[in-house]
Amino acid sequence: MRTVRAPATSANLGSGFDVFGVALDRPADVVRVEKADETTIEVTGVGSQYIPEDPEKNVVGAVAEALDAPAHIRIDKGVRPSSGLGSSAASSAAAALALNGLYDRGYSRRELVPIAAEGEAVVSGEAHSDNVAPALLGGFTVARHGGVTAVDAEIPLVACLPEIAVSTRDARRVVPSRADMDDVVHTVGSAATLAVGMCRSDPELVGAGMDERIVTPARAELITGYHDVRDAALEAGATGVTVSGAGPSLLAVCGDADRARVASAMLDAFEDVGVDARAYQTKVGAGATFH
Ligand SMILES: Nc1ncnc2c1ncn2[C@@H]1O[C@H](COP(=O)(O)OP(=O)(O)OP(=O)(O)O)[C@@H](O)[C@H]1O
Ligand SMILES: N[C@@H](CCO)C(=O)O
């Protein structure tokens, strides 16, 4: 038997669509695996009523198949599905690491990234690895077709999750297929600023580097109160705010001293537009760990 905890993650960070990701210190999924003749899945925890236990439909079924590692898999969800906090990726990454250990497959964490991404293909139609990479490796990650680069960073964050569901599949449909060169140049500048900020653990640079004008405005329309909540967080001291993953969560970057104030400003702003929400006061954290 093997048990692995894998963290929530936030992808894109505004300017790094389908490339950048960070592991969050909390919340997390816990996945336990035992050898079996065929794969069966049991799901408990946050939002488990919305998650299929059929191995053809649950992300961990695809991971078990990719590793040729049939198992009884128990998932205790800490990351709500359709949250923009890498819920499916947390399960995929935890299952990949646990099954790799259970069956002695010998893959490194980096080699497990494309295997865990097979789970993402089940829910969004594409095996994008910007959530599974930080869930496995921790820190700030840059996921490209050629591989993943990861760096540790000390950055305080607030992830604010409203009681709205946005599926990754739907949020990918609103992404424009073309962009103006001016906006592309702006995005490159932001992405470079953000990456330097992560390397320096500098919340000012990271926040400034989240600004993006191509994907984020289209997705903001799917989130009731987005602009009010963003403005409130900035006023409370956040250095940058953007859509987390495919939404509906918002991710704010700030200094340590401002984190509690930013979290409560975001909750109040959601409440003002009639949306219940919860805020995780968190930071860039570690990747999946064995228990
Ligand atoms: N083990 C799992 N954990 C979570 N969701 C799962 C799992 N297996 C299948 N799903 C399905 O995946 C969908 C949620 O995945 P989705 O990618 O939309 O959300 P997310 O992982 O929170 O978002 P994001 O990738 O934007 O951070 C739901 O329809 C859910 O039923
Ligand atoms: N990069 C992905 C993350 C969500 O899984 C997206 O924004 O659609």
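As the structure is a computational prediction, the values presented were derived from the model and not from experiment.

Criteria and cut-off values
Residues numbered from 1 in each chain as written. Chains lettered and ligands numbered in written order. Predicted model: local features only at pLDDT ≥ 70, side-chain atom pairs only at ≥ 80, totals over all residues. Heavy atoms only, no water. Near = heavy atom within 4 Å. Polar contact = N/O pair within 3.5 Å; in protein donor to acceptor, adjacent residues only side chain to side chain. Areas by Shrake-Rupley, 256 points an atom, 1.4 Å probe, with all protein chains shown as cover. Helix = DSSP H or I, 4+ residues; strand = E, 2+ residues; numbered from the N terminus. Nonpolar A, V, L, I, M, F, W, Y, C, P; charged D, E, K, R; others polar. Domains from an automatic or database assignment. Pairing = 2+ DSSP bridges. Axes fitted to C-alpha atoms, helices over the stretch in contact; angles between N-to-C directions. Contact = heavy atoms within 4.5 Å. Parallel < 35°, antiparallel > 145°, perpendicular 65-115°, else oblique. Left-handed = near helix turned anticlockwise from the far one by under 90°.

## Details of the site of ligand 1
Here's step 1: In the vicinity of ligand 1 there are 23 residues, among which Tyr50, Gly86, Ser88, Val123 and Thr168 approach most closely.
Here's step 2: The separation between an oxygen atom of ligand 1 and a polar main-chain atom of Gly84 is 3.3 Å.
Here's step 3: Between ligand 1 and the protein, one listed contact pairs a nitrogen atom with a side-chain N or O atom of Ser91 at 3.1 Å.
Here's step 4: Summarising the interface, the protein chains cover 91% of the accessible area of ligand 1, which totals 630 Å² for the free molecule.
Here's step 5: When residues of the shell around ligand 1 are traced back to their parent elements, those giving at least two are strand 4 (71–77) and helix 2 (87–102).

## Description of the site of ligand 2
Here's step 1: Taken together, the neighbourhood of ligand 2 is formed by Ala11, Asn12, Phe17, Asp18, His128, Asp130, Asn131, Thr168, Arg172, Arg219, Gly245 and Ala246.
Here's step 2: Asn12 is positioned with one of its side-chain polar atoms (N or O) 2.7 Å from an oxygen atom of ligand 2.
Here's step 3: Protein contact buries 96% of the 260 Å² of open area that ligand 2 shows by itself.
Here's step 4: In terms of residue class, the shell around ligand 2 is built from three nonpolar, five polar and four charged.
Here's step 5: When residues of the shell around ligand 2 are assigned to domains, at least three fall in each of domain 1 (2–151) and domain 2 (156–283).

## Re the sheet that holds strand 10 (residues 277–283)
Here's step 1: One open sheet holds the four strands; their spatial order is 8-9-7-10, and the pairing between them is antiparallel. With partners counted over all chains shown, the strands left at the sheet margins are strand 8 (240–243) and strand 10, one partner each. Each neighbouring strand pair of the sheet contributes to a mean axis angle of 20 degrees, computed without reference to strand direction.
Here's step 2: Taken together, the four bridges between strand 8 and strand 9 (residues 250–253) define a ladder with antiparallel strand orientation. Within the sheet, the bridge partner assigned to Val243 lies in strand 9 and is Leu250.
Here's step 3: Those strands touched by helix 9 (residues 226–235) are strand 8 and strand 9, and its axis lies near 155 degrees from that of strand 8.

## Structural notes on the packing of helix 1 (residues 59–66) against helix 3 (residues 109–124)
Here's step 1: Direction vectors running N to C along helix 1 and helix 3 enclose 140 degrees, while the axes themselves pass 7 Å from each other. In terms of axis orientation, helix 1 runs oblique to helix 3. In the crossing of helix 1 with helix 3, the sense of the turn from one axis to the other is right-handed. Between helix 1, through Val59, Ala62, Val63 and Ala66, and helix 3, the contact on the second element is made entirely by Ile115, Ala116, Glu118, Gly119, Val122 and Val123.
Here's step 2: Taken together, the residues of the contact of helix 1 with helix 3 break down into eight nonpolar, one polar and one charged.

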